[in-house]
Amino acid sequence: MKVAVCFDGIEDGALAEAASPFLHGYSAVEAWCAYGEAAERLLEHVAERHHHAPPPPPPGPHHPSLDAEQAASIAAHGVALLQRLGIPASPQTLGGRDPGHALADASDPGVLLVLAAGHGDRVAPRSVGHVARFVVDHARGPTLLLRLKKPS
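Keep in mind that what you see is a predicted model, and the values were worked out from it rather than measured.

Draft legend 1. Structural detail: the overall build of the protein chain. In terms of regular secondary structure, the protein chain is built from five helices and five strands. Moving toward the C terminus, one meets the helices and strands of the protein chain in the order β-α-β-α-α-β-α-β-α-β. Among the 152 residues that make up the protein chain, the fraction classed as buried is 36%. In the protein chain, of all internal contacts separated by at least 6 residues, the share reaching a separation of at least 24 is 79%. For the protein chain, the computed accessible surface area is about 8,700 Å², with 56% contributed by carbon and sulfur atoms.

Draft legend 2. Representation of the state of the cysteines within the structure. The final tally for this structure, using the stated rule, is zero disulfides. The thiol sulfur of Cys-6 is not disulfide-bonded, and the nearest other cysteine sulfur, from Cys-33, lies at 9.1 Å.

Draft legend 3. Structural context of helix H3 (residues 68–84). Here H3 contains 17 residues, and its C-alpha end-to-end distance of 24 Å stays within 8% of the 24 Å for a straight helix at 1.5 Å per residue. Ala-71, Ile-74, Ala-75, Gly-78, Val-79, Leu-81 and Leu-82 are the residues of H3 that are buried. Down the axis, H3 shows its buried residues gathered within 165° of arc, on one side only. Turned more than 90 degrees off the buried face of H3, the exposed positions are Glu-69 and Arg-84. N-capping of H3 is provided by Asp-67, with a side-chain oxygen placed 3.1 Å from the backbone N of Glu-69. Gly-86 sits one or two positions beyond H3 and adopts a positive phi of about 85°.

Draft legend 4. Main features of the side chain of Glu-30. Looking at the secondary structure, you find Glu-30 in strand S2 (residues 29–36). With a relative accessible area of 14%, Glu-30 lands in the buried category. Setting aside residues up to four positions removed in sequence, Glu-30 forms contacts with Lys-2, Val-3, Ala-4, Val-5, Ser-90 and Gln-92.

Draft legend 5. How the structure looks around helix H5 (residues 130–138). Restricting attention to buried positions, one finds in H5 the residues Ala-132, Phe-134 and Val-135. One side of H5 holds all its buried residues, which, seen down the axis, span an arc of 160°.

Draft legend 6. Summary view of the nonpolar core. Judged by nonpolar contacts, the single largest core of 22 residues is most densely connected at Val-3, Val-5, Phe-7, Leu-23, Val-29, Leu-82 and Val-114. Elements with a contribution of two residues or more to this core: strand S1 (2–6), helix H1 (12–23), S2, H3 and strand S4 (111–119). The element best represented in this core is H3, accounting for six residues. If sequence neighbours within four positions are ignored, Val-29 has contacts with Val-3, Val-5, Leu-23, Leu-82, Ile-87, Pro-88, Ala-89 and Ser-90. Among the nonpolar cores identified, the runner-up in size contains 14 residues, and Cys-6, Ala-34, Ala-102 and Leu-115 belong to it.

Calculation rules
Residues numbered from 1 in each chain as written. Predicted model: local features only at pLDDT ≥ 70, side-chain atom pairs only at ≥ 80, totals over all residues. Heavy atoms only, no water. Helix = DSSP H or I, 4+ residues; strand = E, 2+ residues; numbered from the N terminus. Buried < 20%, exposed > 50% of the residue type's maximum accessible area, 1.4 Å probe, protein only. Contact = heavy atoms within 4.5 Å. Areas by Shrake-Rupley, 256 points an atom, 1.4 Å probe, with all protein chains shown as cover. Disulfide = S-S within 2.5 Å. Expected span 1.5 Å × (residues − 1). Arc of directions from axis to C-beta. Polar contact = N/O pair within 3.5 Å; in protein donor to acceptor, adjacent residues only side chain to side chain. Core = buried A, V, L, I, M, F, W, Y, C linked by side-chain atoms within 4.5 Å.

In short, the description is geometric, and any link to function would need to be established separately.
In structure tokens, the structure reads:
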């Protein structure tokens, strides 16, 4: 089985450390970073989930949350973090409609996705970010959510 640790550039060091105990037995570890348009997809999803008419798009142009170059840099940084922990890894970037779709579409039963699930001890619907929630609901293979420690 291949393992994909999904980095987003926010708390990559904490994610690499939290994931490392689970990764030492795997020979194929990849540092994934997904990019794509997130704002419009999120509005549609929220409206659909709560049975409301879709809201009008916010004024101004939509910008992707990350572009391909930024995602490649974050994936390379994830590789470096994993390698410092003794875990050989390779980078992978994924583009799509939005990061959640890109990750779910790239998943398959032979890939374990490892994601950060948020902070703290609070367990509630909003304790998991919208990308992680989408991946948990739509991934084709196993997903491991790691709750990161609150920064000190």
